[in-house]
Amino acid sequence: MFGPFALTVAALFTGAAIYINWAEQPARLSLDDAAMLAEWKPAYRRGFQMQASLAVIGFILGTLEWLVTGKVIWLAGGAALLTNWPFTIFAIMPVNKILEETPFERANEETRALIERWGMLHGVRSVLGLVSVGLFLWASI
């Protein structure tokens, strides 16, 4: 009974993550350094709130479905989604901290390189989302 909702949340998370990598990040990189940073800061804050919430909700729903059905694959799908939290904290946050502390007027080639690195790291979120969706789909069969 929780499974379809878990799958929906995972698909929303994954769609948002892929959109960021496929559309938003390339558009951002087409801007000059200051404008690129000015776009990244509020976009990241808002995206983080949405994706962090979806990861937790998807994990909870997957866990509840595992408890109801006894199919551990639901827990695995939820865990794949929740893995975004420690990955973000340990791999992405150091980059975010530097970018957040950089004033727009000081944005330069180093800032651009950090945002490019951030985009590569964010791709891991897309992959973790796809893994979660795949596991939830498999569990649904």
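Novice: Before we move on, can you summarise the overall build of the protein with the specific residues and values?
Specialist: Across its full length, the protein carries five helices and zero strands. Counted from the first residue to the last, the protein has its helices and strands arranged as α-α-α-α-α. For the protein, the spread of C-alpha atoms along the principal axes amounts to about 55 × 25 × 20 Å. For the protein, with 141 residues in total, the buried portion stands at 43%.

Novice: Could you give me a rundown of the packing of helix α2 (residues 33-69) against helix α3 (residues 72-82), with the residues and numbers involved?
Specialist: Following both chains from N to C, one finds α2 and α3 inclined at 170°, their axes separated by 7 Å at the closest point. Put simply, α2 runs roughly antiparallel to α3. Contact residues: Leu54, Ala55, Val56, Gly58, Phe59, Gly62, Thr63, Glu65, Trp66 and Thr69 in α2; Val72, Trp74, Leu75, Gly78, Ala79, Leu81 and Leu82 in α3. Broken down by class, the residue content of the contact of α2 with α3 amounts to eleven nonpolar, five polar and one charged.

Novice: Can you lay out the side chain of aspartate 33 for me, pointing to particular residues and giving the numbers?
Specialist: Tracing the backbone shows aspartate 33 in helix α2. A relative accessible area of 17% means that aspartate 33 is categorised as buried. A distance of 2.9 Å separates polar atoms of two side chains, one belonging to aspartate 33 and the other to arginine 112.

Novice: Residue-level account of the packing of aromatic side chains, with values.
Specialist: Under the criterion given, the structure shown has six aromatic pairs. For the ring pair tryptophan 40 and tryptophan 118, a centre distance of 6.0 Å and an interplane angle of 85° mean the geometry is edge-to-face. Of this pair, tryptophan 40 sits in helix α2 while tryptophan 118 sits in helix α5 (residues 109-140), and the two are 78 residues apart along the sequence. The buried category is assigned to tryptophan 40, whose relative accessible area is 0%. A relative accessible area of 3% means that tryptophan 118 is categorised as buried. Taken together, the ring pairs connect Trp40, Tyr44, Phe48, Trp85 and Trp118 into an aromatic cluster. The ring of phenylalanine 104 carries lysine 41 above its face, with NZ or CZ at 4.8 Å from the centroid.

Calculation criteria
Residues numbered from 1 in each chain as written. Predicted model: local features only at pLDDT ≥ 70, side-chain atom pairs only at ≥ 80, totals over all residues. Heavy atoms only, no water. Helix = DSSP H or I, 4+ residues; strand = E, 2+ residues; numbered from the N terminus. Buried < 20%, exposed > 50% of the residue type's maximum accessible area, 1.4 Å probe, protein only. Axes fitted to C-alpha atoms, helices over the stretch in contact; angles between N-to-C directions. Parallel < 35°, antiparallel > 145°, perpendicular 65-115°, else oblique. Contact = heavy atoms within 4.5 Å. Nonpolar A, V, L, I, M, F, W, Y, C, P; charged D, E, K, R; others polar. Polar contact = N/O pair within 3.5 Å; in protein donor to acceptor, adjacent residues only side chain to side chain. Phe/Tyr/Trp six-rings, centres within 6.5 Å; stacked < 30°, edge-to-face > 60°. Lys NZ or Arg CZ within 6 Å of the ring centre and 35° of its normal.

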